[in-house]
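Chain by chain, the residues run as shown.
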Amino acid sequence: MSGNPVTLDHVASPGLWALAWRRLRADKVAMGSLAVVAAFLLMLVLSASGLVAADWEDEVAVNYAPPTFMGPDPALAAASARAAQPVPDNAFDPLAPELRELRAQLDKQGVTAQRERRATLPFGADKWGHDIIKKTIKGGETSIVVGLVAALVAVALGTLFGAVSGFYGGRVDDLFNWFYSVFTSIPSILMILTVAAVLQQKGVLTIVLILGLTGWTGPYRLIRAEYIKHKAREYVMAADAIGASSWRKMFAHIFPNVSHVALVQMSILVVGFIKAEVILSFLGFGVPVGVVSWGSMLNEAQNELILGKWWQLTAAASAMALLVTAFSLFTDALRDALDPKLK
């Protein structure tokens, strides 16, 4: 029996990340959440580069200028009108010559006087006359950077500790488990405040260290379990047979197969650390004076609420809620997409 040989087309099976991307694209909620997160990250890049909100500290409006849709504050408008009225010639004002000289100097320097500030802004102003929109964007830059970098530090530590503990086992595993038990036995907020009190220094780097050094326990537990499971598999034994070192087996062979766990943990920690930064700044352990974040805005807003000035609280809380909700929904979708059981 003769005939042409049958040729079969070889089709490469899609990998884990390709399958995960297919599932994400099919999930409308996940893609919408990803678009929101991407918009915030774009805002972060534009703010850090100075293209957006670089002049957020400029006093462009009167103190506590209300949002535009509310119209100008009648009390502030009346006070500004009284201040703008000229002093009668027959009125005695011992400071009139000095005030005229000061106004002349300000006019020469191009300094905007109080009466030239805007009475309203699209989303209002704070007590110094800063634009709330620009302040929220600049505060988002600080909060998002803290969340991303602190999550990267925590996941890096958790992955390193979990890989060493799960791969070597024995006394090394016992040592890391004891270390893990000590950290988890103390409430997280108490641990954060303890590290903050020990460092005794405010700043973005300090907050990153506080959150990164206290948030590695979750990634450690999951990565350790994955390494215990993978170290006995055939591809690791084959790497051992060709003489691969322990570190090469851990990070060149096993880690690519468990990297999705670290990615999901990082996305979860970003959300938690953004909220933790807000809490720390609200309690006074966060960013220093002169640096704005969503937490410092909420700290200022608690005093403004007594005066009925709610717009700074609304802007900071709305921005944080939108980002945290979108990141949480995307994290849940990513976890589901990377789950092999959902094939």
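Residues numbered from 1 in each chain as written. Predicted model: local features only at pLDDT ≥ 70, side-chain atom pairs only at ≥ 80, totals over all residues. Heavy atoms only, no water.

Under the annotation held in an unreviewed UniProt entry, the protein chain carries the name ABC transporter permease and is attributed to Massilia agilis. Quoted straight from UniProt, the Sequence similarities (unreviewed entry) entry for the protein chain says "Belongs to the binding-protein-dependent transport system permease family." As its UniProt record puts it under Subcellular location (unreviewed entry), the protein chain is described as follows: "Cell membrane". (UniProt positions renumbered as here; feature names shortened; annotations may be inferred.)

A. Region of the structure containing helix H5 (residues 132-168). Here H5 is 37 residues long and its end C-alpha atoms lie 53 Å apart, about the 54 Å a rise of 1.5 Å per residue gives. A large share of H5 lies buried, amounting to 26 of its 37 residues. The N-cap residue of H5 is Asp-131: its side-chain oxygen and the backbone nitrogen of Ile-133 are 3.1 Å apart. One or two positions beyond H5, positive phi appears at Gly-169, with a value near 65°. (Helix = DSSP H or I, 4+ residues; strand = E, 2+ residues; numbered from the N terminus. Expected span 1.5 Å × (residues − 1). Buried < 20%, exposed > 50% of the residue type's maximum accessible area, 1.4 Å probe, protein only. Polar contact = N/O pair within 3.5 Å; in protein donor to acceptor, adjacent residues only side chain to side chain.)

B. Fine view of the packing of helix H6 (residues 170-185) against helix H9 (residues 217-230). The N-to-C vectors of H6 and H9 enclose an angle of 145°; their axes lie 10 Å apart at closest approach. In this structure, H6 crosses over H9, and the sense of that crossing is left-handed. Only Thr-217, Tyr-220, Arg-221 and Arg-224 of H9 make contact with H6, whose side of the interface consists of Asp-173, Phe-176, Asn-177, Tyr-180, Phe-183 and Thr-184. When grouped by side-chain class, the residues that make up the contact of H6 with H9 number four nonpolar, three polar and three charged. (Axes fitted to C-alpha atoms, helices over the stretch in contact; angles between N-to-C directions. Left-handed = near helix turned anticlockwise from the far one by under 90°. Contact = heavy atoms within 4.5 Å. Nonpolar A, V, L, I, M, F, W, Y, C, P; charged D, E, K, R; others polar.)

C. The arrangement of the UniProt feature "transmembrane region" (unreviewed entry) in the protein chain in detail. The feature "transmembrane region" (unreviewed entry), as given by UniProt, occupies residues 29-54, 144-168, 175-198, 204-223, 280-298 and 310-330 in the numbering adopted here. Annotated as residues 144-168, this span is 100% helix and 0% strand, and its ends, taken at the C-alpha atoms, are 36 Å apart. Secondary structure within residues 280-298 divides into 47% helix and 0% strand; the distance between the first and last C-alpha atoms comes to 11 Å.

D. The confidence of the model for the protein chain, seen in detail. Residues of the protein chain with pLDDT of at least 70 account for 84%, and the chain-wide mean is 82. Looking across the protein chain, the model is least confident in helix H3 (residues 74-84), with a mean pLDDT of 56, and most confident in H5, with 93. Note on residues 111-115: pLDDT under 50 across the span, and six contacts to partners over four residues away in sequence or across chains. (pLDDT = per-residue confidence, 0-100.)

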